[in-house]
Amino acid sequence: MKYCLLLLSLFTVCACTSKGSEEQIELKPRVVILTDIGQPDLEPDDTESLVRLLCYADQLEIEGIITSTGWNCDPYPTESAAYRDSVVAAYGMDVQNLMKRSEQVGFRSIDEENGRQPLGYWPSMEYLQGRSVMGSQRAGIGVIGEDNDTPGSNLIIQLVDEDDDRPIYVCAWGGANTLAQAIWRVQQTRSKEELKRFLNKLRLFTITDQDMVWAMRENLAYSSHQWMRREFKDDLLLVWDEGAWQLQCGLGKENWPEFQTHIQGHATLGKHYPDYKYGVEGDTPSFLNALPNGLHNPDCPEEAGWGGYHVWGMTQDNETYSWNSWQEPTKNISENYYRQFFPDILEDFIARMEWAEMGEGNHNPVVVANGEKGNKAVHIKAKAGKKISLDASKSYDIDNDALSFHWWQQKEIGSTSLDITDDNAEKASVIIPNDAKKGPVHIICEVHDNGPHHLVAYRRIILNIE
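Caption draft 1: Structural view of the overall build of the chain. Helix and strand content of the chain: 14 helices and 17 strands. What you see for the chain is a C-alpha radius of gyration of 21 Å, in line with the 23 Å of a compact globule of 466 residues. A principal-axis box enclosing the C-alpha atoms of the chain has dimensions of 60 × 50 × 50 Å. Evaluated residue by residue, the chain yields a buried proportion of 59% over its 466 residues. The long-range fraction of contacts in the chain, counting pairs at least 24 apart against all pairs at least 6 apart in sequence, stands at 73%. A total accessible area of about 18700 Å² is found for the chain, and carbon and sulfur atoms account for 49% of it. Treating the 43 positive side-chain charges of the chain as one cloud and the 71 negative ones as another, the clouds have centres 7 Å apart.

Caption draft 2: The arrangement of the nonpolar core in detail. With 65 residues, the main nonpolar core has Leu54, Tyr91, Leu269, Trp306 and Met353 as its most contacted residues. Ranked by the residues each element gives to this core, the list is headed by helix H14 (residues 330–358), at 12 residues. Not counting the four nearest positions on each side in its chain, Leu269 is found in contact with Val51, Leu54, Cys55, Val87, Ala90, Tyr91, Asp94 and Met353. By size, the runner-up hydrophobic cluster in this structure holds 41 residues, among which are Trp71, Ile144, Ala182 and Ile183.

Caption draft 3: Spatial organisation of the pairing of strand S15 (residues 427–431). Pairing geometry for strand S12 (residues 387–391) and S15, over five bridges, is antiparallel. Within the sheet, the bridge partner assigned to Ser389 lies in S15 and is Ser429. Two strands pair when backbone bridges link them, and strand S14 (residues 420–421) and S15 are joined in this way by two bridges, in the antiparallel orientation. Among the inter-strand pairings, Ile420 is bridged to a residue of S15, identified as Val430.

Caption draft 4: Up close: the layout of surface pockets. Put simply, the second largest pocket is a space of about 340 Å³. Along the wall of the second largest pocket there are 17 residues; nearest its centre are Asp45, Trp71, Asn72, Trp245 and Tyr278. Taken together, the elements giving at least two residues each to the lining of the second largest pocket come down to helix H2 (44–54) and helix H10 (244–254). Of the residues assigned to the lining of the second largest pocket, the class counts are eight nonpolar, five polar and four charged.

Caption draft 5: Seen up close, the pattern of salt bridges. All told, the structure shown has 23 salt bridges when counted by the stated rule. Across the pair Arg166 and Glu61 runs a salt bridge whose closest N-O atoms are separated by 2.7 Å. Of this pair, Arg166 sits in the loop between helix H6 (151–161) and strand S6 (168–172) while Glu61 sits in strand S4 (residues 61–67), placing them 105 residues apart in sequence. Both residues of the pair, Arg166 and Glu61, count as buried. In this structure, Arg131 and Glu63 form a salt bridge, with 3.2 Å as the shortest nitrogen-oxygen distance. Highlighted residues: Arg131 in the loop between helix H5 (125–130) and strand S5 (132–134) and Glu63 in strand S4, separated in sequence by 68 residues. For Glu63, a relative accessible area of 1% translates into the label buried. One salt-bridge network, held together by shared partners, links Arg30, Glu61, Glu63, Arg116, Arg131, Glu162, Asp164 and Arg166.

Caption draft 6: Local environment of the side chain of Thr320. Mapped onto the elements, Thr320 comes out in the loop between strand S9 (311–314) and strand S10 (321–324). Thr320 gets classed as buried once you look at its relative accessible area, which sits at 4%. Within the structure, the side chain of Thr320 is placed 2.8 Å from the side chain of Arg229, a separation counted as a polar contact.

Caption draft 7: Geometry of H2. Of all 11 residues in H2, 11 are buried; the element is thus mostly enclosed. Turning to H2, its buried residues number three or more, namely Pro44, Asp45, Asp46, Thr47, Glu48, Ser49, Leu50, Val51, Arg52, Leu53 and Leu54.

Calculation rules
- Residues numbered from 1 in each chain as written.
- Predicted model: local features only at pLDDT ≥ 70, side-chain atom pairs only at ≥ 80, totals over all residues.
- Heavy atoms only, no water.
- Helix = DSSP H or I, 4+ residues; strand = E, 2+ residues; numbered from the N terminus.
- Rg over C-alpha atoms; globule rule 2.2 N^0.38 Å.
- Buried < 20%, exposed > 50% of the residue type's maximum accessible area, 1.4 Å probe, protein only.
- Contact = heavy atoms within 4.5 Å.
- Areas by Shrake-Rupley, 256 points an atom, 1.4 Å probe, with all protein chains shown as cover.
- Lys, Arg positive; Asp, Glu negative; His and termini not counted.
- Charge placed at Lys NZ, Arg CZ, Asp CG, Glu CD.
- Core = buried A, V, L, I, M, F, W, Y, C linked by side-chain atoms within 4.5 Å.
- Pairing = 2+ DSSP bridges.
- 1 Å grid on protein atoms, 1.4 Å probe; cavity = no way out; pocket = protein on both sides within 12 Å on 5 of 7 lines; lining within 4 Å.
- Points joined across faces, edges and corners; volume = space filled by probe spheres on them.
- Nonpolar A, V, L, I, M, F, W, Y, C, P; charged D, E, K, R; others polar.
- Salt bridge = Lys/Arg side-chain N within 4 Å of Asp/Glu carboxyl O.
- Polar contact = N/O pair within 3.5 Å; in protein donor to acceptor, adjacent residues only side chain to side chain.

Structure follows, in structure tokens:
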């Protein structure tokens, strides 16, 4: 948590003042995708994850879709980028329907889209096409250097250099070699202080370590990921997931009939959703981690969310440190949370695919906790022996669906366990024990509507015990 709090102190809230207005506009989180997308009979899960990602293009500012190496390809075939491009083109066929979800009637200019996008804005297909570039086509630390600059690594440097305080969440569906090259280039051309500022703006969520072919996957020293963990552990927030992605694959297979019935063949995007081979959407937790649904802050990997649960510690190479989930009990905790969230994750995707197909559907509820709107955590000062009121009664649903409430504690954070009174009511309360220890206690307000798919929204309340 100390590392998390340090990061929080370095970056400002994602909000800006709209032109000609003093109203605060919430901005999307910035994401860059590194994908080894390929032909569906070889690499179907990246195509599946890209279909889902574009169904959330109103929630995430997709600043790059960069093709690169992975377990199945070294070198990465240039022609495989066409599979990415076909999904982006499918989005172009469906976006007019998706826009109805937020009552958007048109697109900004490309220049404006290349600026800061507000939460709820659906970008144009042309914008996404302009952000679709090639990254590293070879894998491993051995290729990092003068001959490995690519449009993808140059784009990452450009994005970090922009006058924008928001962090950039890099989601590695294959290898993160392209990001490593960008860091190497900055290291060669800038001062140590400038490199530190560059790294502090980046967050890397890597689905296992794929900076090598499958047959070499045990040779972690071959990967540029190890270099980033070793050299920049104090400045680069790096999450190495080994819990959520396997379970996403497995639960996807268990629930495959739901994908066949509600995803495949629906809208143009659904027509590009292939059958699974090894598992279903193994890369999806990387960007679910950045979704601003109120459940967690992606800068704090200990806060359980749709991308799993991670702690700081030794990695599988027994040499380097990062946020990870490979050892017990962390792996089991992360998987249990993912099982808990998976039904809502799937229903949320299905509901968005209905918007893509029909231009109508259900919206998520809006949680207002203790009078505070938005997605950021609500902080409350607390003292031992005192009663704390928790109030979500001002929450609402724009479809006028009835709401149900559930309050629960994430007990992995802090050392004080609380009993929540009226945990299934819109108003709840807790009494801080007299022997409570100083520090944070995290409580989640989970709200479902009774509309189609019983969509969910969350709000994290952090009780700071003094």
